[in-house]
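In case you want the letters, here they are:
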Amino acid sequence: MTAPHALPAPHASPLDLGGRTALVTGAAGGIGRACALRLAAAGAKVRAVDRDAAGLEALAGHGCGLAGTVEPHVLDLTDLDAAEAAAAGTDILVNNAGLQLVRPIEEFPPEVFHTVLTVMLEAPFRLIRGALPHMYGQGWGRIVNVSSVHGLRASAYKSAYVAAKHGLEGLSKTTALEGAPHGVTSNCVNPAYVRTPLVEKQLADQAQAHGIPEERVLSEVLLQDSAVKRLIEPEEVAEAVAYLCGPQASFVTGASLVLDGGWTAH
């Protein structure tokens, strides 16, 4: 029986990003590829940024027939000036590119630490800096930073990655506070281990660091703190990113959307 004066049941509408330009970094594979295709499926014109030209070419082929478009943009994010310039005129920015090295701090190469922080923290700052003038000018923008459970929790042997992701969380929150008066939201998405080449390449390093056989790394290291004992699929992360770009998430900003299988419930 319907209660008097009850509001009508809400109806979810499909995500429509027609007319919007999105930039996704690290788009040639993994989470970035899934995000680029998801946003293009919603009608966005996607600038797919990566240094992997062959991967971008394959991505563009998969983007054919979608409501939007996927445009490959070969770029090394250590070129910070070029990164900032590439973000000009974007309505949606997805900072996703990342790299990983698993080593104890005393053995961690300083040059790799520098590169990780450049690609995963300084480049997002420059991309945001390049995107904001257009977003502010039109009174609308969406920034989604693909962080990690390691933006909220630390793990041994990942000093550069953990430092970069913790820094990205702070950058995202600061952007949210500054962007709110201009209609711009900024949020993080925080997955645990995702089925990507980045994770697969960790197995040997993790085995060496922890002194266990490689076949035991998945269950004893990667999934040890997760209540849900499986890897996340890239498409699941892409759906979270897409949600944050839609009208239903207009009041969500400065947040960290956790997809960690219960890791941080401990």
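Basis of the calculations
Residues numbered from 1 in each chain as written. Predicted model: local features only at pLDDT ≥ 70, side-chain atom pairs only at ≥ 80, totals over all residues. Heavy atoms only, no water. Helix = DSSP H or I, 4+ residues; strand = E, 2+ residues; numbered from the N terminus. Buried < 20%, exposed > 50% of the residue type's maximum accessible area, 1.4 Å probe, protein only. Contact = heavy atoms within 4.5 Å. Disulfide = S-S within 2.5 Å. pLDDT = per-residue confidence, 0-100. Axes fitted to C-alpha atoms, helices over the stretch in contact; angles between N-to-C directions. Parallel < 35°, antiparallel > 145°, perpendicular 65-115°, else oblique. Left-handed = near helix turned anticlockwise from the far one by under 90°. Nonpolar A, V, L, I, M, F, W, Y, C, P; charged D, E, K, R; others polar. Pairing = 2+ DSSP bridges. Salt bridge = Lys/Arg side-chain N within 4 Å of Asp/Glu carboxyl O.

### Some details on the side chain of S186
With respect to the helices and strands, the residue S186 is situated in strand β6 (residues 184-191). The exposure class of S186 is buried, given its relative accessible area of 0%. Those residues in contact with S186, other than ones at most four positions away along the chain, are I143, N145, S172, T175, A176, T253, G254 and A255.

### Section: the environment of T196
Mapped onto the elements, T196 comes out in the loop between β6 and α6 (197-200). Counting along the chain gives 161 residues from T196 to C35, while the straight-line C-alpha distance between them is 13 Å. In contact with T196, other than residues within four places in its own chain, are G30, I31 and P234.

### Here's the deal with the environment of A67
Position of A67 among the secondary structure elements: in the loop between α2 (53-62) and β3 (69-74). Between the alpha carbons of A67 and A42 there is a distance of 6.3 Å; along the sequence they are 25 residues apart. Discounting chain neighbours no more than four positions away, the residues touching A67 are A40, A41 and G43.

### Structural notes on the state of the cysteines
Applying the stated rule across the entire model yields zero disulfides. Between C35, a free cysteine, and C245, which holds the nearest cysteine sulfur, the sulfur-to-sulfur gap is 8.5 Å. C35 sits in the buried class, given a relative accessible area of 1%. Unpaired in terms of disulfides, C64 finds its nearest cysteine sulfur in C35, a separation of 19 Å. Residue classification places C64 among the exposed residues on the basis of a relative accessible area of 61%.

### Thoughts on the confidence of the model for the protein chain
Summing up the model confidence of the protein chain, the mean pLDDT is 93 and the portion of residues at 70 or higher is 95%. For the protein chain, per-element mean pLDDT is lowest for α6, which scores 76, and highest for strand β4 (residues 92-95), which scores 99.

### Structural notes on the side chain of Q206
By the element assignment, Q206 lies in helix α7 (residues 202-210). What makes Q206 buried here is its relative accessible area of 2%. Contacts of Q206, omitting those with residues within four sequence positions, involve V102, K158, Y193, V217, V221 and L222.

### What to know about α7
Structural remark: α-helix, 3.6 residues per turn; residues separated by three or four positions point the same way. Of all the positions in α7, only Q202, D205, Q206 and A207 are classed as buried. On the buried face of α7, the contacting elements are α6 and α8 (217-222). The first or second residue beyond α7 is G211, which carries a positive phi of 70 degrees.

### A word on the packing of helix α4 (residues 110-138) against helix α5 (residues 159-179)
Remark: α4 packs on α5, axes separated minimally by 8 Å, with the N-to-C direction vectors making an angle of 15 degrees. Relative to α5, the element α4 lies roughly parallel. For the crossing formed where α4 meets α5, the hand is right-handed. Here α4 contributes F113, V116, L117, M120, L121, P124, F125, I128 and Y136 to the contact with α5, which in turn contributes S159, A160, Y161, A163, A164, K165, G167, L168, L171, T175, E178 and G179. Split by residue class, the contact of α4 with α5 holds 15 nonpolar, four polar and two charged.

### So, the pairing of β4
Side chains I92 and V94 of β4 all project onto a buried face; the interleaved residues L93 and N95 project onto the opposite face, where all are buried too. As paired strands, strand β1 (residues 21-25) and β4 are joined by three bridges and run parallel to one another. Its bridge partner lying in β4, A22 is registered against I92.

### A closer look at the environment of L198
Here L198 is to be found in helix α6. L198 gets classed as partly exposed once you look at its relative accessible area, which sits at 29%. For the pair L198 and G98, spaced 100 residues apart in sequence, the C-alpha separation works out to 8.3 Å. If near-sequence neighbours (up to four positions away) are discounted, L198 is found in contact with G98, L99, Q100 and Y161.

### Description of the pattern of salt bridges
Across all of its chains, the model carries eight salt bridges by this definition. Taking the shortest distance from any N to any O, the salt bridge between E239 and R38 comes out at 2.6 Å. One end of the pair, E239, is in helix α9 (residues 234-245); the other, R38, is in helix α1 (residues 30-41), and 201 residues separate them in sequence. What makes E239 partly exposed here is its relative accessible area of 42%. We classify R38 as partly exposed; its relative accessible area is 24%. Note that K45 and E71 form a salt bridge whose closest N and O atoms lie 3.8 Å from each other. With K45 in strand β2 (residues 45-50) and E71 in strand β3, the pair connects residues that are 26 residues apart, well separated along the chain.

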